[in-house]
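Here's the letter readout for the chains.
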Amino acid sequence: MGEGAKGRSPWPSPHRNLVIMPIPLSYSYRNLLTRRLTSFLTAAGMALVVFVFAAALMLAEGLRQTLVATGSFDNAIVLRAGSETEVQSALDRTQAAIVTAQPEIAMGPEGPLVASEAMVLINLAKRGTGRPANVMIRGVQPGSLALRREVRLIEGRWFRPGSTELVAGAQIARRFVGAGLGEELRFAMRTWRIVGVFDAGNTGFASEIWGDVEQLLQAFRRTAYSSVILRLQDPLAFAGLKARLEADPRLPVQVRREVEFYEAQSRRLADFIRMLGLVLTAIFGLGAVLGAMVTMYAQVGTRIAEIGTLRALGFPRHDILLAFLVEAGLLGGLGWIIGLVPAGLLNFFTLSTVNWASFAELTFRFTLTPGIVLKSLAFGVGMGLLGGLLPAIKAARLPLLEALKAP
Amino acid sequence: MNGAAGKGELLLPRPFPQKNLKMLKLTWRNLFRHPLRASLTILGLAVAVLAFCLLRTVVAAWYAGVEASSPLRLVTRNAISLMYPLPLAYLPKIQNVAGVTKVAYAYWFEGIYIDKKHFFPQFAASLPGYLDIYPEFLIPPEQKLALVQDRRGCIAGRRLAQRFGWRLGDAITLTGTYFKGEYRLILRAVYTGKEPETDETLLFFHYDYLNETLKKTDPKQADQVGWFMVQIARGDLAAPVSRHIDALFKNSLAETITETEKAFQMGFVEMTSAILMAMRVVSWAIIGVIMIVLANTMAMSARERLGEYAVLKTLGFRPRHLAGLILGESLLLAALGGVAGLALSIPAVRVFPPDVTQYFPGLEVSPQTQLLGLTVALAVGGLAAILPAYRATQIGIAQALRKVG
């Protein structure tokens, strides 16, 4: 401490290399406090940008997580080769039977954990607006339920096999006309009754309707399943199963891990949202950086005499530069805090839109991850520093004598 | 004090126009007192107005299909969803409905050209009938003839042909995804749009080519169409004709939904309405950002000039003059920024990368968007001036003169 005080000599040259205490941090933040309105307005501008930045990333992340959570790591999905979605895929009964007889399949309490399923896309009207949207109907087998750990019934009962009964995912039951408990849907020349509602947590299954696969196939005059889902006894056996099935000349199929399959489904839309968000925030960020620049230039302008005094006290140029940069960085940090709080509240909001991969409506939540928190911190502080750099250089380069002469 | 001060105006030079002129001059001078600050603020405003206009334009482009739809066209599709086809056998039944003038049909062909990145919409359609329903597609007669005469012929929009550098007679090979197999097409015609919003990025080829191939490779999929395009005689027939068509196929295996082209296109847009909504919200957020920036600039300038305002007040200028001074400066800044942003937005649309513009035919900053951008900029200018102007009018002369710096 004593050394530091000695270092603050008005004579620059010989003492320069001695230990010189930098300008204390409090100088920077007290300056921000003195000009409360200006500091707040500048930070608020950056906060809006941070908010949009974080919201876009949260949306893309929420979409990805929902679809990743839809798959289970030890499940595999078998589709027709070349199909990207279950709706495009078709496996006839012979092919499905071969797949369901593989030795790698795990056994559950009620038989092997494997199910041949069929996907149907139907148009339903939304409650309130009446606008139609595509909804996935999944024809399932008894094994299907055990394969999905997140799915559990919350209202009513499961459909009876062999009947025209359906069970709706919670998101669908809430948002579509005729999909609520006890309501009826009419399609494929039959009337289907909703006898239950299931909860599937934060997964894509919450945006589906389930029914008996045989009934659905008959109603739609189809003979082929869409896909076969199976649980592996040992997740490591995947590579062997994949190689054997894909090489089997009877089976024109591809085998994928369920997690990877669903993550691929999210990619196109998530990339679009992320791209759009980044392009927008880049433009926004430019506006906010200019705002920070205006503020910091004004700060430098009103503090010329002060800067001169600091220089006269022996603080070198780079300390002045640092002090102003710290001030600008703090502004950015403040913007980050103000912006991230409302973004964090978005965590409780869900959004539903069509997923371009499956063409069906999907509901997902904004999701805040530590990565996004850090990214937006870097973004906010970065904006502040960028805006403060030129003014700080100007402050550091002020000629000492003229600065002291300033009023 | 108040009343007396009010009468004090008598002391001022009378000719008001001249005084107002002086105020204008002062406003102008104030504007560029800190050239750097003014130009940074104007630049910020320009960026914001630019972003606002671009966002609005992209959202509007999403609705381009809806805007370009004709009230004389109906779309008949499978009631279950578009994923399900309709039998070709429905054609004569629909043709017989009173009020229907023309019926054509098409199938969405999800083919891959070179690789997945080269996506563009492809339709297997009943040619040339399908194109006759679209009078906004302009096709040279000799090209149309060549198209009709070649079963493997196809027709592409002008922008699509430009994108890949196709010329008439070029071979285009599409690899089917939903329909298996390779389809080797030959470009026989290129259409141009009559209106600027007409979609010039589509490709049509003969439905018969697809159907004949399917009959050989996958007979179950043959003789089915994705949708029927129905032209009606008058717009007011849309509702009765739709009801009539749907009643024809009620309780059949493939029930239909018939709606106007506008409602049909709207259905696609509605699917992504959440994203559109987010883009709208964001477009206003950027206006919020820039309003804060401008308000900040004005507040700083006004604070620095409090002493001057006190002098002006002493000279007998009324609070409204001071408010006018600040408001005028703010509006000038906003107007300069707004105009700069609008001027930038026109070339900015051009530099959008082609893989973005391919999804948005007719990406053009409309006059309405420009007007909205300018209005918003001026409104921002007005709003940003309120607080500083209020402060300046409230300031006590003695207090302000005492304050240094």
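Quick notes on the rules
- Every residue gets a number counted from 1 within its own chain, in the order that chain's sequence is written.
- Here chains are named by letter from A upward and ligands by number from 1 upward, in the order in which they appear as written.
- Per-residue local features are limited, in this predicted model, to residues with pLDDT of at least 70; the limit for side-chain atom pairs, both in listing and counting, is 80 or more; totals at the level of whole chains, interfaces and linings are taken over all residues.
- Per the convention used, a helix needs a DSSP run of H or I reaching at least four residues, while a strand needs a run of E reaching at least two, with both numbered from the N terminus.
- Within these notes, the globule rule equals 2.2 Å times the number of residues to the 0.38 power, and the radius of gyration is based on C-alpha atoms.
- Any residue with 12 or fewer other C-beta atoms within 10 Å of its own C-beta is exposed, any with 20 or more is buried, and the rest are partly exposed; the C-beta atoms used are placed from the backbone.
- Each residue gets a C-beta atom placed from its backbone, and two residues are in contact if those atoms lie within 7 Å.
- Each residue is assigned to one of three groups, with Ala, Val, Leu, Ile, Met, Phe, Trp, Tyr, Cys and Pro labelled nonpolar, Asp, Glu, Lys and Arg labelled charged, and all others, Gly among them, labelled polar.
- Think of it as the arc spanned by the lines of direction from the helix axis to the C-beta atoms.
- Throughout, an axis means a line fitted to C-alpha atoms (over the contacting stretch in the case of helices), and angles, computed between N-to-C directions, take values from 0 to 180 degrees.
- Here the word oblique covers every angle except those under 35 degrees (roughly parallel), over 145 (roughly antiparallel) and from 65 to 115 (roughly perpendicular).
- Buried Ala, Val, Leu, Ile, Met, Phe, Trp, Tyr and Cys residues form a nonpolar core when they are connected through C-beta atoms within 7 Å.
- The hand of a helix crossing depends on one turn: near helix anticlockwise from the far one by less than a right angle means left-handed, and clockwise means right-handed.
- DSSP-based pairing: two strands are paired if at least 2 bridges between them are found.
- Confidence scores labelled pLDDT are given residue by residue by the predictor and lie between 0 and 100.

A few words on the overall build of chain B. Per the secondary structure count, chain B includes 17 helices and 13 strands. Relative to the globule expectation of 22 Å for 405 residues, the C-alpha radius of gyration of chain B, 31 Å, shows a markedly less compact shape. Projecting the C-alpha coordinates of chain B onto the three principal axes gives extents of approximately 100 × 45 × 35 Å. Burial statistics for chain B: of 405 residues in total, 39% are counted as buried. Contacts in chain B between residues at least 24 apart in sequence constitute 83% of all its contacts with a sequence separation of at least 6.

Let's shift gears to the overall build of chain A. Within chain A, the secondary structure is distributed over 14 helices and 14 strands. For 407 residues, the compact-globule estimate of 2.2 N^0.38 gives 22 Å, and the C-alpha radius of gyration of chain A, at 31 Å, exceeds that figure by more than 25%. C-alpha atoms of chain A, sized along the principal axes, occupy 95 × 50 × 35 Å. The buried share of chain A, reckoned over its 407 residues, is 48%. Contacts in chain A between residues far apart in sequence, at least 24 positions, make up 82% of those at least 6 positions apart.

The next thing to look at is the environment of Lys25(B). Examined against the element boundaries, Lys25(B) turns out to sit in helix α2 (residues 16-31). Once the C-alpha coordinates of Lys25(B) and Ile292(B) are considered, the two residues, 267 residues apart in sequence, prove to be 26 Å apart.

As a further point, take the interface of chain A and chain B. If you look at the interface, chain A gives 42 residues, while chain B gives 36 residues. Of all the secondary-structure elements, those providing two or more residues to the side of chain A that touches chain B are α4 (36-70), β4 (114-125), β5 (132-140), α10 (258-302) and β13 (350-355) of chain A. Looking at the side of chain A that touches chain B, the element that brings in the most residues is α10(A), giving 14 residues. Grouping the constituent residues of the side of chain A that touches chain B by class yields 27 nonpolar, 13 polar and 2 charged.

Turning our eyes to something else, we now look at the environment of Gln265(A). Residues and elements named next belong to chain A. Along the polypeptide, glutamine 265 turns up in helix α10. Owing to 25 C-beta atoms within 10 Å, glutamine 265 belongs among the buried residues under this scheme. Taking the C-alpha atoms as reference points, glutamine 265 and valine 68, 197 residues apart in sequence, are found 9.1 Å from one another.

With that settled, the discussion passes to helix α10 (residues 238-248) of chain B. Residue and element names in this part refer to chain B. Considered for burial, the residues of α10 that qualify are Ala238, Val241, Ser242 and Ile245. All buried residues of α10 fall inside an arc of 100 degrees around its axis, so they share one side. Within α10, the exposed residues directed more than 90 degrees away from the buried face are Ala239, Arg243 and Ala247. Buried-residue contacts for α10 involve β1 (73-78), α5 (90-95), β3 (100-108), β12 (227-232) and β13 (256-260).

Residue and element names in this part refer to chain A. Structurally, the position occupied by arginine 257 is in strand β12 (residues 253-257). Overall, arginine 257 belongs to the partly exposed group, with 19 C-beta atoms counted inside 10 Å. Sequence spacing of arginine 257 and leucine 230 is 27 residues, and the spatial spacing of their C-alpha atoms is 9.8 Å. When residues no more than four places from it in sequence are discounted, the contact partners of arginine 257 are Phe73, Ala76 and Phe238.

Further remarks concern the packing of α4(A) against α10(A). Residues and elements named next belong to chain A. For the pair α4 and α10, the least separation of the axes is 7 Å and the interaxial angle reads 175 degrees. It follows from the interaxial angle that α4 and α10 lie roughly antiparallel. For the contact of α4 with α10, the class distribution of residues is 21 nonpolar, 11 polar and 3 charged.

Within the largest apolar cluster, 177 residues are counted, with the highest numbers of intra-cluster contacts made by Val52(A), Val289(B) and Leu294(B). No other element matches the 20 residues that α4(A) contributes to this core. Look past the residues within four positions of Leu294(B) in its chain and what remains in contact with it is Thr41(B), Leu45(B), Ser330(B), Leu333(B), Ala334(B), Val380(B), Gly381(B) and Ala384(B). Ranked by size, the runner-up nonpolar core spans 51 residues in total, among them Leu131(B), Ala156(B), Leu210(B) and Phe249(B).

All names here are of chain B. Taken N-terminus to C-terminus, the directions of helix α3 (residues 35-62) and helix α16 (residues 367-394) make an angle of 145 degrees; their axes are 10 Å apart at the nearest point. The crossing of α3 and α16 is right-handed. On the side of α3, the interface is formed by Leu45, Val49, Phe52, Cys53, Arg56, Thr57 and Ala60, while α16 contributes Thr369, Gln370, Leu372, Gly373, Val376 and Ala377. Classifying every residue of the contact of α3 with α16 by side-chain character gives 8 nonpolar, 4 polar and 1 charged.

With that settled, the discussion passes to the pairing of strand β7 (residues 165-169) of chain A. Residue and element names in this part refer to chain A. Counting buried residues in β7 gives 5 out of 5 residues, a clear majority hidden from the surface. Bridge analysis of β7 against strand β9 (residues 190-199) gives 5 bridges, and the strand direction is parallel. Across the sheet, the residue bridging to glutamate 165 is arginine 193, located in β9. Pairing between β7 and strand β10 (residues 208-212): 3 bridges, direction antiparallel.

This paragraph deals with the pairing of β4(A). Residue and element names in this part refer to chain A. A large share of β4 lies buried, amounting to 10 of its 12 residues. One ladder, built from 4 bridges, connects β4 with strand β11 (residues 227-231); its direction is antiparallel. Bridge pairing in β11 places valine 114 opposite leucine 230. For β4 and β5, the ladder comprises 8 bridges, and the chain directions are antiparallel. Directly across from alanine 125, in β5, lies its bridge partner proline 132. Adjacent in sequence and paired antiparallel, β4 and β5 are bridged by 6 residues, among which glycine 128 carries a positive phi angle near 90 degrees.

Summing up the model confidence of chain A, the mean pLDDT is 87 and the portion of residues at 70 or higher is 95%. In this model residues 1-7 of chain A is a low-confidence stretch, pLDDT under 50, and it forms 8 contacts with partners more than four residues away in sequence or in other chains.

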